[in-house]
Every structure is written in C-alpha cells, then in structure tokens.
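# Descriptive structure summary
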Amino acid sequence: MSLLKQLNLIIYMAIFVFYSSFAISKEVYINNLEWPPYFFSTPILPELGFGKEIINMCMKNTAYQPKYKTLPVMRTHLYMQTGDIDVSVYSYTNERNAFVYYGKEPIFSTTYAFASKKDNNIVINKLSDIDNYTVGHLSGLTYTPEILNAINSKKTLQEVTTGYSFKALIRQMLASPQRFELLLNSKETILWYANQLDVTNKITVHDLFIAEKDYYLTVSKFSQNIPDPEQLLNQLDTCIKDLKVNGEYKALALQYNLQLNAYNN
C-alpha cells in the first residue's frame, strides 16, 4: 500500500472515530427540580444535588449526555407523558406505569414527616392528630393513600395550603400569623431548608412515621431520544449498585448529610 493510501486510510479512520464518538453522545433531557438535597435547580457549587450527582456519574457509562430542564413538579409529570422529558426520578405508582419505564435499583429513599413551629408545642403521635391543624404541602407530591385521604378531607374544609416553593412554605408556617400549622415533606428536605434558613431551633420535626419511599430512575415511554429504554435503565441500575458496593454512594450521601439505611447497602 502506498504512503498516500496509508495516510488517506488513517485520516478516514480518524474521521470515522470522531463522528462515531460524537454520535453516541446523544443528549437526553432530565427534569431538574428544586428538591434539596437531591436536586438544586440553581446549583450551589460545588453541590449539584445528591440525585443529580449520581445521575451524572452513571450517565458517563452510557451513550447519552444528560441535559437538565428546570421544571415544577406538575410540569414534569406532563412532559414525561409527552416525551418532552426523557428521564425523571419517580417513586412507584401504578398510574405512572402508563407513561414510564421504571429502573429496579433505588437511586435514593426518603422518609416523609410532619414539621411544626416549635413554639406551638404541637404533639403528633398518630395520623388522626393532624385533624386539629391546618396543613401546608408542596404541589405535585404523592403520598400514601392514608395521607392523601387525610389531605383531601382537609381540603374540603379549606384547611390545606398548597405551595410551589418549599422555602416559602417554611416561612409561612413560621410567620405571625401563621398560614398553616403543619408542614409535610421529606424529612431530609425539611432539615436541609431549616438549616439553610437558620431556623432549625424554631422547628419540630415529628417522629410519627408516615412513609419511606424509594425513588427510581425512569424513562418516558414517549421518549424520542432513547430507542432502548430497558438497556439504559439496566446500565444505570448496574452503576448505582456498583456505587453502593464500592462505597462512593455512601461517601457522597454523607457529603449531603444523608444517613439513611439505604446508604449502608
């Protein structure tokens, strides 16, 4: 083979490798909620959010490049049903089976809890104890059937405030006069916001166990960017398992002050 032909072959292979590498780095759209400490819609560098960091680490092992869209919870649900968002983090519900494929390995778990203004000296030992109080919660969150029934019952009595900013909800609970007396969310999110707002000593997080929820990576059944959702989810599940085994998962969780049992896997 002549030198010229060898050079042409090398150039051809270089171009082929370049475009092949470019082609496999396909962008996929992922929801970017304001859900500390799991997701920060505006990153508090170097912290991106525990969930987002896990996603970024695991996407490196795939043919896809994550691109985040900041959306409210309800908009995320809509876009996952249309395919405008490709990947989202969801807890399991039967209804969502209609529009998403679920991974099998939890990316993280949360524990839901009630919080109140410490000066109110509220005691919550059982779910029926909330009957005497007004409740604030974030739009779009899903709960256990028991909690959902309780919230819906209180809505009919106009004893529920639905908000779109959890930071605003905490301030409304601590204000004088209060807009509501009990606040419902994941314990980890309540504690993170309380610390950031420097109001930890003004809030009681009640011990009543409501629910612990596992969250999974999901792919929209209407995604145009992911031709083989099960292959991608298997890759991501394997990555999450590996991070749990090699200790990177737990180390990252501790950076975000997360110390759930799931991180000891």
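A few points on the structure.

### Side note on the nonpolar core
F50, I54, M59, I107, F108 and L217 are the most contacted members of the largest nonpolar core, which has 65 residues in total. Looking at this core element by element, the count peaks at six residues for helix α7 (residues 229-246).

### Considerations on the pairing of strand β6 (residues 135-138)
The alternating pattern of β6 places V135 and H137 and G136 and L138 on opposite faces, both of which are buried. Pairing of β6 with strand β7 (residues 160-163) involves four bridges; the strand directions are parallel. Of the residues in β7, the one forming a bridge with L138 is G163. Between the parallel pair β6 and β7, the chain is carried across by helix α4 (residues 145-156), and the sense of this crossover is right-handed.

### Examining the packing of aromatic side chains
All told, the structure shown has 14 aromatic pairs when counted by the stated rule. Plain terms: the ring middles of F50 and Y256 are 6.2 Å apart, the flat faces sit at 70° to each other, and that makes the pair edge-to-face. With F50 in helix α2 (residues 50-59) and Y256 in the segment after α8 (248-255), the pair connects residues that are 206 residues apart, well separated along the chain. One exposure class covers both F50 and Y256, and it is buried. Among the aromatic side chains, those forming a connected cluster through ring pairs are W35, Y38, F39, F108 and Y215. When the ring centre of Y68 is taken as reference, the NZ or CZ atom of K52 above it lies at 5.0 Å.

### Quick look at the side chain of K213
Residue placement: K213 occurs in strand β10 (residues 211-220). Buried and unpaired, K213 has no salt bridge, with E95 as the nearest side chain of opposite charge at 9.5 Å. With sequence-adjacent residues up to four places away left out, K213 is seen in contact with S91, F108, S109, T110, Y112, T142 and Y143.

### Regarding the layout of surface pockets
Roughly 510 Å³ of internal volume is contained in the largest pocket. In terms of lining, the largest pocket is formed by 34 residues, of which the most central are L33, E34, V73, L138 and L141. Broken down by class, the residue content of the lining of the largest pocket amounts to 16 nonpolar, 15 polar and three charged. Empty space within the second largest pocket amounts to approximately 360 Å³. Elements represented by at least two residues in the lining of the second largest pocket include exactly α3 (73-82) and α4. The element contributing the most residues to the lining of the second largest pocket is α3, with three residues. For the lining of the second largest pocket, the per-class residue count stands at seven nonpolar, six polar and three charged.

### Some thoughts on unusual backbone geometry
At the junction of P36 and P37, the peptide bond is cis and its omega measures out at 0° in the coordinates. Within the fold, P37 resides in the loop between β1 (26-31) and α2. Cis peptide bonds are those with omega within 30 degrees of zero, and the linkage from S176 to P177 qualifies with 0°. Even without glycine at this site, N121 takes up a positive phi of about 55°. Of note in this structure, N257 is not a glycine but carries a positive phi near 60°. For N257, the position within the fold is in the segment after α8.

### What about the state of the cysteines?
Under the defined criterion, the tally for this structure stands at one disulfide. Each sulfur in the disulfide pair C58 and C239 lies 2.1 Å from the other. Across the S-S bond of C58 and C239 the torsion is about -80°, and the bridge reads as left-handed. Here C58, found in helix α2, pairs with C239, found in helix α7; they are 181 residues apart in sequence, far enough to count as distant. Like C58, the residue C239 is buried in the burial classification.

The rules behind each value
- Residues numbered from 1 in each chain as written.
- Predicted model: local features only at pLDDT ≥ 70, side-chain atom pairs only at ≥ 80, totals over all residues.
- Heavy atoms only, no water.
- Core = buried A, V, L, I, M, F, W, Y, C linked by side-chain atoms within 4.5 Å.
- Buried < 20%, exposed > 50% of the residue type's maximum accessible area, 1.4 Å probe, protein only.
- Helix = DSSP H or I, 4+ residues; strand = E, 2+ residues; numbered from the N terminus.
- Pairing = 2+ DSSP bridges.
- Right-handed = clockwise from strand over helix to strand, strands pointing away.
- Phe/Tyr/Trp six-rings, centres within 6.5 Å; stacked < 30°, edge-to-face > 60°.
- Lys NZ or Arg CZ within 6 Å of the ring centre and 35° of its normal.
- Lys, Arg positive; Asp, Glu negative; His and termini not counted.
- Salt bridge = Lys/Arg side-chain N within 4 Å of Asp/Glu carboxyl O.
- Contact = heavy atoms within 4.5 Å.
- 1 Å grid on protein atoms, 1.4 Å probe; cavity = no way out; pocket = protein on both sides within 12 Å on 5 of 7 lines; lining within 4 Å.
- Points joined across faces, edges and corners; volume = space filled by probe spheres on them.
- Nonpolar A, V, L, I, M, F, W, Y, C, P; charged D, E, K, R; others polar.
- Disulfide = S-S within 2.5 Å.

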